[in-house]
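Structure assessment
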Amino acid sequence: MVVFARLVLVVSILLFAVSDLTIARSRRSADDVLGTQRAAETEIRDQVNAWSVGLAGGLLEGAPIRFATEIARIVNDNGQMHVLPIVTRGPTENVNDLLYLKGVDVAIINSDSLEEYKSQVPQIQQRIVYILNLFPSELHIFVRPEIRTLADLAGKKVNFNTQGTAAAYSGPLIFSRLGIEVDKTFIPHPVALEQMKRGEIAAVVFVTTKPVDAFVKGKWGEGFKFLPVEYGPKFEDYYLSSYLEASDYPGLIAKGERIATISVPTILAAFNWRPDSPRYRRVARFVDELFGHLDRLRSPGFDAKWKDVNLSARAPGLERFRAAQEWLNRYATTKQSGGP
């Protein structure tokens, strides 16, 4: 009995030893599999992040976020980049995001958005550079019949649309430069236009691409009109000369007549990364993909404004992103040498 008990004990010990060895091997095998999975996930994560670009667009109802989404469509197509369009609170907020928000490499801004940051960031025009001048947003100052000149608006109610829109930011800034103090309101333009018809508001200010449906399709009595704004030295830092004409608003402007105005360039901008930094290389690849496939954006299915985008057009007040200028230089050289 004693021998049998010892034999049972020895067998039990051996079984436990074999079981422990099997468990240890199983654990090592599971750890190896888990380690391989983690390594693979790390590689995927690094690849995705290496060429991802955050693009600050704008409000859901605005043109900038639509442009940002269309840019992402063509840049992402060949798998070389991963552009992430971001809904934001508008062009002025986008400057802040470009300066301070992690993950934002590129943003759509209005040229005069930089004005708000001049005192806060004295070297703002060295820290932000432009990639592409996308489209102009024309200033429309639409007034009642009794208003004949800009000076007539002094002290009168003028609507600048809701806060966060281009008109709500650029409009008051432009009036300040004109030296005209008005009673500013910030209500939705459709509401303001109805109040304007009843004589409760003297004028509405739009800052957007022409033509504007409200003026093309709306019914306006005699005397309702656009006021001219002449381009001059006070606007040279951020704005461009423009005009409104009969082809834009045939019911409000006589054939052959042009009304002078200014436009606010809407710009695709980037942070001015050091050329030896990973973020610079990321945006440089983004530029290559965007510029190289711009013709696709001019095809049916994309915003018609892409057809007017000129790669060589400059943006007032900013230097061009180095990689963008280098791309244009290479393209010009290829054209001169008879390349495609």
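This structure is a prediction, so every number in the text was calculated from the model and none was measured.

**Some thoughts on the packing of aromatic side chains**
Inspection of the entire model under this criterion finds 20 aromatic pairs. Between Phe142 and Phe226 the ring centres are 5.1 Å apart and the planes differ by 50 degrees, which places this aromatic pair in the tilted class. Of the two residues, Phe142 is situated in strand β4 (residues 128-143) and Phe226 in strand β8 (residues 225-226); the sequence distance between them amounts to 84 residues. Its relative accessible area of 0% is what places Phe142 among the buried residues. Here the aromatic rings of Phe235 and Tyr239 are separated by 5.7 Å at their centres, their planes lie at 90 degrees, and the arrangement is edge-to-face. Among the residues examined, Phe235 registers a relative accessible area of 0% and is labelled buried. On the basis of relative accessibility, which here comes to 0%, the residue Tyr239 falls in the buried class. By way of ring pairs, the aromatic residues Phe142, Phe206, Phe215, Trp220, Phe224, Phe226 and Tyr249 are connected into one cluster.

**Side note on the packing of helix α2 (residues 63-76) against helix α8 (residues 278-292)**
Close contact between α2 and α8 brings their axes to 9 Å; oriented N to C, the two are set at 95 degrees. By the angle between their axes, α2 is roughly perpendicular relative to α8. Contacts between α2 and α8 involve Ile71, Ile74 and Val75 on the former and, on the latter, Phe286, Glu289 and Leu290. In terms of residue class, the contact of α2 with α8 is made up of five nonpolar, no polar and one charged.

**Here we look at the environment of Phe175**
Here Phe175 shows up in helix α5 (residues 166-178). Distance in space between the C-alpha atoms of Phe175 and Leu150 is 9.3 Å, their sequence separation being 25 residues.

**Regarding the pairing of strand β2 (residues 82-87)**
Taken together, the six bridges between strand β1 (residues 52-58) and β2 define a ladder with parallel strand orientation. Within β2, the position partnered with Gly54 by the bridge is Leu84. Handedness of the crossover joining β1 and β2 through α2 is recorded here as right-handed.

**Overview of the nonpolar core**
Counting 84 residues, the largest nonpolar core has Ile131, Leu153, Leu268 and Phe286 as the members making the most contacts within it. The element contributing the most residues to this core is β4, with 10 residues. Excluding its chain neighbours within four sequence positions, the residues that come into contact with Ile131 are Val106, Leu268, Ala269, Ala270, Val283, Phe286, Val287, Phe291, Arg320, Phe321 and Ala324. The next biggest cluster of nonpolar side chains, apart from the first, holds 18 residues, and it includes Ile201, Val204, Tyr249 and Ile253.

**Concerning helix α6 (residues 189-197)**
The complete set of buried residues in α6 reads His189, Ala192, Leu193, Gln195 and Met196. Buried residues in α6, looked at end-on, bunch into an arc of 160 degrees, giving them a common side. Packed against the buried residues of α6 are β4, β5 (157-159), α5, β7 (203-208) and α7 (213-217). Gly199 sits one or two positions beyond α6 and adopts a positive phi of about 85 degrees.

Calculation rules
Residues numbered from 1 in each chain as written. Predicted model: local features only at pLDDT ≥ 70, side-chain atom pairs only at ≥ 80, totals over all residues. Heavy atoms only, no water. Phe/Tyr/Trp six-rings, centres within 6.5 Å; stacked < 30°, edge-to-face > 60°. Helix = DSSP H or I, 4+ residues; strand = E, 2+ residues; numbered from the N terminus. Buried < 20%, exposed > 50% of the residue type's maximum accessible area, 1.4 Å probe, protein only. Axes fitted to C-alpha atoms, helices over the stretch in contact; angles between N-to-C directions. Parallel < 35°, antiparallel > 145°, perpendicular 65-115°, else oblique. Contact = heavy atoms within 4.5 Å. Nonpolar A, V, L, I, M, F, W, Y, C, P; charged D, E, K, R; others polar. Pairing = 2+ DSSP bridges. Right-handed = clockwise from strand over helix to strand, strands pointing away. Core = buried A, V, L, I, M, F, W, Y, C linked by side-chain atoms within 4.5 Å. Arc of directions from axis to C-beta.

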